[in-house]
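# Residue-level structural notes
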Amino acid sequence: MLGYEEALQRVLAHAAPLPPRVLPLAEALGLAAAEDIHALEPVPPFRNAAMDGFAVRVEDAARGRLPVGGTLAAGMAHVPPLAPGTAVRIMTGAPVPPEADAVVPLEEAVAEGGEVTFLRPPRPGAHIRLPGEDIPEGGRVVPAGAVIRPAEAGVLAAIGRPTIPVRPRPRVAVLTTGNELVDAGTRPGPGQIRDANIHSLCAQVQAAGGVPLPFPRVEDTREAVAAALAAALEAADVVLTNGGISVGDFDYIKAVLEAEGAEQVFWRVAQKPGAPLGLWVLRGRPVFGIPGNPVAAMLMFEAYVRPALRSLMGYPHLHRPERTGTMAALWKRSGDPRRTEFLRVIAERSPEGLRVRLAGPQGSGILSSLVRANAIALVPEGLTSLTPGDPVRLQMLDEPEDH
Ligand SMILES: Nc1nc2c(c(=O)[nH]1)N[C@H]1C(S)=C(S)[C@@H](COP(=O)(O)OP(=O)(O)OC[C@H]3O[C@@H](n4cnc5c(N)ncnc54)[C@H](O)[C@@H]3O)O[C@H]1N2
Ligand code: MOO
């Protein structure tokens, strides 16, 4: 059976960055630039004062008292020439007259009766900001793939780009299936349980940067599954189906996908939980068949869907930080050892490094132990136990992707 690493590679091979969209800066925040952005003009565009004070010629200022001829404010379109042997009051951001070669801050000047003297002679170029000293004309301000943060938004605005082509947020349809499910706000009747996964999966989509599209719950019939799938493919870039993907009598997802002519990328992976995970491509869109058990659903999202969404968004880093921890207690595998096992663990800093213990019982329906976990421990196939002191491969859940 297909292994975890190979399945992940196949997922990423079907998650090429989405076509760019030009978005206003505020909407582009957190998204990856789709192309290199260069400045068409220098920033700042003209010589201007870095301090409130006096614009002078250095040689005049060195001679002592100077008459003050007017005031230059930021935003003035026309700057009169600086007459020889005079100073002019100037405010931060105002254009510096071409004849001036220094600005003396107010704190270093004594102004009295229309004249000014300086505590010390200014250096040539003092407190004058030069055109292009921030960004030269033609300079690259944002490389393709860089994520737009507030600083990039500011720089882009400064070069006259109120919009930018970015990789957009993928719209992700989330379809939960199962006749036993009722809404979170409903008291379950006999045999019913609340639909936890629509909430956990939509939250995971949002946390990954995507736009969740929660669909009305899908009944366990072929017709209902087919209709929901068709609607989801209309509305979304990626479809997540949840439940109904195993071998039960009412598991219709796979059969419907096949009947619709979907290309199966894989179905079933040698892993626990999440063995029945599948990926199909239908009408050019990836459709993930995610197992219904609540922990399997969330872990499969974390292991496969989250990196895929990040890849669609053109992010440079797809994977959580990996560390090696040290097992603090015994863990014994139950069942077939020919599969990767994802354990919910708590990794705690200690002087010897990260000490790792289980976050609780590891059953596929026990979501509370995922609440406590801050890492996933990956146990490779073949290993039947971990004993105290054994090294263990960790993926850190609460830390941003770094590779
Ligand atoms: N004979 C076999 N039986 C099962 C196998 C197998 O290989 N052979 N695999 C098991 C594994 S592993 C899993 S995981 C499940 C996955 O099955 P499905 O994806 O078809 O999921 P369902 O049967 O629909 O549901 C499984 C379980 O999860 C509960 N569930 C489903 N959806 C939700 C939801 N939205 N919120 C909360 N809980 C949900 C559902 O009630 C079931 O208890 O199959 C095993 N069986
Ligand atoms: O693999 Mo299932 O996903 O254990 O619960």
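Residues numbered from 1 in each chain as written. Chains lettered and ligands numbered in written order. Predicted model: local features only at pLDDT ≥ 70, side-chain atom pairs only at ≥ 80, totals over all residues. Heavy atoms only, no water.

For the chain, the count of helices and strands is nine helices and 28 strands. Taking 22 Å as the expected radius of gyration for a compact globule of 403 residues, we find that the chain reaches 31 Å, considerably beyond that expectation. Dimensions of the chain, computed from C-alpha atoms along their principal axes, come out at roughly 95 × 55 × 40 Å. Of the contacts formed within the chain by residues at least 6 apart in sequence, a portion of 70% connects residues at least 24 apart. Put simply, the chain shows about 18900 Å² of open surface, and 55% of that area lies on carbon and sulfur atoms. (Helix = DSSP H or I, 4+ residues; strand = E, 2+ residues; numbered from the N terminus. Rg over C-alpha atoms; globule rule 2.2 N^0.38 Å. Contact = heavy atoms within 4.5 Å. Areas by Shrake-Rupley, 256 points an atom, 1.4 Å probe, with all protein chains shown as cover.)

So, about the site of ligand 2. Near ligand 2 you find Pro273, Gly274, Ala275, Pro276, Pro291, Asn293, Ala296 and Ser364, and these make up its full shell. Residue Asn293 places a side-chain N or O atom 2.9 Å away from an oxygen atom belonging to ligand 2. Here Ser364 contributes a side-chain N or O atom positioned 2.2 Å from an oxygen atom of ligand 2. In terms of residue class, the shell around ligand 2 is built from five nonpolar, three polar and no charged. (Near = heavy atom within 4 Å. Polar contact = N/O pair within 3.5 Å; in protein donor to acceptor, adjacent residues only side chain to side chain. Nonpolar A, V, L, I, M, F, W, Y, C, P; charged D, E, K, R; others polar.)

For helix 5 (residues 197–208), built from twelve residues, the straight-helix expectation of 16 Å at 1.5 Å per residue is met to within 8% by its first-to-last C-alpha distance of 16 Å. Looking only at helix 5, the buried set comprises Asn197, Ile198, Ser200, Leu201, Cys202, Gln204, Val205 and Ala208. Residues of helix 5 that are buried in the fold lie against strand 13 (171–176), strand 16 (211–214), strand 17 (238–242) and helix 8 (294–312). One or two residues past the end of helix 5 sits Gly209, with phi positive at roughly 105°. (Expected span 1.5 Å × (residues − 1). Buried < 20%, exposed > 50% of the residue type's maximum accessible area, 1.4 Å probe, protein only.)

Attention shifts here to the packing of helix 1 (residues 4–13) against helix 8. The contact between helix 1 and helix 8 brings their axes to 9 Å, and the two run at 30°. Our classification of the angle between helix 1 and helix 8 gives roughly parallel. Judged by the twist between their axes, the crossing of helix 1 over helix 8 is right-handed. Residues Tyr4, Ala7, Leu8, Val11 and Leu12 of helix 1 form the contact with helix 8, whose participating residues are Ala303, Tyr304, Pro307, Ala308 and Ser311. (Axes fitted to C-alpha atoms, helices over the stretch in contact; angles between N-to-C directions. Parallel < 35°, antiparallel > 145°, perpendicular 65-115°, else oblique. Left-handed = near helix turned anticlockwise from the far one by under 90°.)

Another aspect to go through is unusual backbone geometry. At the junction of Val43 and Pro44, the peptide bond is cis and its omega measures out at -5° in the coordinates. Examined against the element boundaries, Pro44 turns out to sit in the loop between strand 2 (37–38) and strand 3 (48–49). In this model, Lys272 is joined to Pro273 through a cis peptide bond whose omega is -5°. Looking at the element boundaries, Pro273 is found in the loop between strand 19 (271–272) and strand 20 (278–282). The phi torsion at His127 lies on the positive side, around 55°, for a residue other than glycine. Mapped onto the elements of the fold, His127 is located in the loop between strand 9 (115–118) and strand 10 (128–129). Phi is positive for Arg268, close to 80°, though the residue is something other than glycine. With respect to the helices and strands, the residue Arg268 is situated in the loop between strand 18 (263–267) and strand 19.

Here the focus is the side chain of Arg167. The residue Arg167 is located in the loop between strand 12 (163–166) and strand 13 in this model. We note that Arg167 is buried and unpaired, the nearest opposite charge coming from Glu35 at a distance of 7.8 Å. In terms of polar contacts, Arg167 uses its side chain to reach the backbone carbonyl oxygen of Leu18, at 2.7 Å. Once you skip the residues sitting within four places of it in the chain, Arg167 turns out to touch Pro17, Leu18, Pro19, Pro20, Leu31, Ala32, Ala34, Leu312, Met313 and Gly314. (Lys, Arg positive; Asp, Glu negative; His and termini not counted. Salt bridge = Lys/Arg side-chain N within 4 Å of Asp/Glu carboxyl O.)

Around ligand 1, the structure places 21 residues, and the nearest of them are Glu180, Asp195, Gly244, Ile245 and Gly292. Within the backbone of Ile245, an N or O atom sits 2.9 Å from an oxygen atom of ligand 1. Asp251 places a side-chain nitrogen or oxygen 3.3 Å from an oxygen atom of ligand 1. For ligand 1, whose unbound accessible area comes to 870 Å², protein coverage reaches 67%.

The subject of this paragraph is the pattern of salt bridges. Under the counting rule described, the total for this entry stands at 22 salt bridges. Arg323 serves as the salt-bridge partner of Glu399, at 2.8 Å between the closest nitrogen and oxygen. On the criterion of sequence distance, the pair formed by Glu399 in the segment after strand 28 (391–396) and Arg323 in strand 22 (residues 322–327) is long-range, its members being 76 residues apart. For Arg357, the salt bridge identified is with Glu348, shortest N-O distance 3.3 Å. Under the relative-accessibility criterion, Arg357 is labelled partly exposed at 35%.

Attention now goes to the sheet that holds strand 16. If you walk across this open sheet you meet the six strands as 16-13-17-21-20-18, and the pairing is mixed. At either end of the open sheet lies a strand with only one pairing partner, and these are strand 16 and strand 18. Geometrically, the sheet is characterised by an average inter-axis angle of 20° between neighbouring strands, direction not taken into account. As paired elements, strand 13 and strand 16 share four bridges and run parallel to each other. Note on strand 16: the bridge partner recorded for Val174 is Pro214. Across the sheet, helix 1 lies against strand 18, strand 20 and strand 21 (285–290), angled at about 155° from strand 18, the strand it touches most. (Pairing = 2+ DSSP bridges.)

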